[in-house]
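# Coordinates in review
These are the residues of each chain, in order.
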Amino acid sequence: MRLVLLGPPGAGKGTHAQVLSKELGVAHVSTGDMLREALKKQTPLGVKAKAFMEKGALVPDEIVIALVKERLSNGDAKKGFILDGFPRTPEQATRLDENLEVLRMPLDLVLYFKTSLSVIIRRLSGRRVCSRCGKNYHIKNFKPKRDGICDACGAALVQRPDDREETIENRLKVYDKETSPLIDYYKRKNLLAEVSGDLEVKELNLQMKKLFRSKDL
Ligand code: AMP
């Protein structure tokens, strides 16, 4: 299955991509995770992306498009993939289409996580991520087994610097201006299905799997 998860920051895309990629046996491709990894390792790409990410601005299209292009040509993406946080601009979306056409791997579905503002704020301010493997948690809704410790790798959980209140506001503005036009873009291509990002993780996961079955995916 080849999916795009579309929606504002805090809609739950990362959490659901994590769960679904395991259940479906497909690659989880998160540009945010890839960029954070590059930043941690201080690669030239990470150094370039740093200032944009810290402000909650988008990293230039060319950088992320090249990242995703390389990632999708890897063997594991041939079995299917879930794109989480990409595309985020019309330019990224058209370039993705071109790449996927060359690879003969068209998208099956774009899930739009429609999410209310109060839920977004609550999610982002309570989100914690693993400092080593990047797995997502929430201090109330998606707790680790041991407080402050990642279930998957045992490292400490931290707050993302861009989940601070001042940056959240900018990220939401950027989403409205740059990314929300993609809802119509995929609607026109008949690929869009809307789900509620307000739902609890388990409930939405069940709903999405029902949706996949109804579409024979
Ligand atoms: P995320 O983890 O998806 O919320 O992404 C965190 C940050 O990484 C964003 O606020 C952007 O600065 C950057 N980023 C992630 N994905 C993209 C993308 N597709 N295009 C541009 N910037 C991105």
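Conventions used here
Residues numbered from 1 in each chain as written. Predicted model: local features only at pLDDT ≥ 70, side-chain atom pairs only at ≥ 80, totals over all residues. Heavy atoms only, no water. Buried < 20%, exposed > 50% of the residue type's maximum accessible area, 1.4 Å probe, protein only. Helix = DSSP H or I, 4+ residues; strand = E, 2+ residues; numbered from the N terminus. Pairing = 2+ DSSP bridges. Near = heavy atom within 4 Å. Polar contact = N/O pair within 3.5 Å; in protein donor to acceptor, adjacent residues only side chain to side chain. Nonpolar A, V, L, I, M, F, W, Y, C, P; charged D, E, K, R; others polar. Salt bridge = Lys/Arg side-chain N within 4 Å of Asp/Glu carboxyl O. 1 Å grid on protein atoms, 1.4 Å probe; cavity = no way out; pocket = protein on both sides within 12 Å on 5 of 7 lines; lining within 4 Å. Points joined across faces, edges and corners; volume = space filled by probe spheres on them.

Most of strand S1 (residues 2-6) sits out of view: 5 of its 5 residues are buried. Of the two faces of S1, the one holding Arg2, Val4 and Leu6 and the one holding Leu3 and Leu5 are both buried throughout. As defined by bridge partners, S1 adjoins strand S3 (residues 81-84) across 4 bridges and the pair is classed as parallel. Each bridged residue has a counterpart across the sheet, and for Leu3 the counterpart in S3 is Ile82. Where S1 and strand S4 (residues 109-114) come together, 4 bridges link them in parallel fashion. If you follow Leu5 over to S4, its bridge partner there is Leu111.

Moving on to unusual backbone geometry. Note that the residue after Phe86, namely Pro87, is joined by a cis bond; omega there is 0°. Relative to the elements of secondary structure, Pro87 occurs in the loop between S3 and helix H5 (90-102). Although it is not a glycine, Arg104 adopts a positive phi angle of roughly 55°. Structurally, the position occupied by Arg104 is in the loop between H5 and S4. Even without glycine at this site, Asp216 takes up a positive phi of about 60°. Among the structural elements, Asp216 can be located in the segment after helix H9 (201-214).

What follows deals with the site of the ligand. Thr31, Arg36, Ala57, Gly85 and Gln92 are the nearest of the 16 residues found near the ligand. Within the side chain of Arg160, a nitrogen or oxygen atom sits 3.1 Å from an oxygen atom of the ligand. Of the residues assigned to the shell around the ligand, the class counts are 7 nonpolar, 4 polar and 5 charged.

Counting across every chain of the model gives 15 salt bridges. A salt bridge links Glu166 to Arg164, with the nearest nitrogen and oxygen atoms 3.7 Å apart. Residue Glu166 is classed as exposed on the basis of its relative accessible area of 55%. Ionic pairing is found between Glu169 and Lys173, a salt bridge with its closest N-O pair at 3.9 Å. Here Glu169 pairs with Lys173, and both are found in helix H7 (residues 165-179), just 4 residues apart, close to one helical turn. Residue class for Glu169 comes out exposed when judged on its relative accessible area of 51%. A cluster of three or more residues bridged by salt bridges with shared partners is formed by Arg127, Arg160, Asp162, Asp163 and Arg171.

As a further point, take the layout of surface pockets. In this approach a probe as big as a water molecule rolls over the atoms, and the regions it shows empty are the leftover space. What the second largest pocket holds in volume is close to 640 Å³. Arg36, Glu37, Val129, Cys130 and Gly134 are, among the 23 residues lining the second largest pocket, the residues nearest its centre. Within the residue set of the lining of the second largest pocket, elements represented by two or more residues are helix H1 (13-24), helix H2 (31-40), helix H3 (44-55) and strand S5 (127-130). Of all the elements, H2 adds the most residues to the lining of the second largest pocket, at 5 residues. Its residues placed into classes, the lining of the second largest pocket shows 7 nonpolar, 5 polar and 11 charged.

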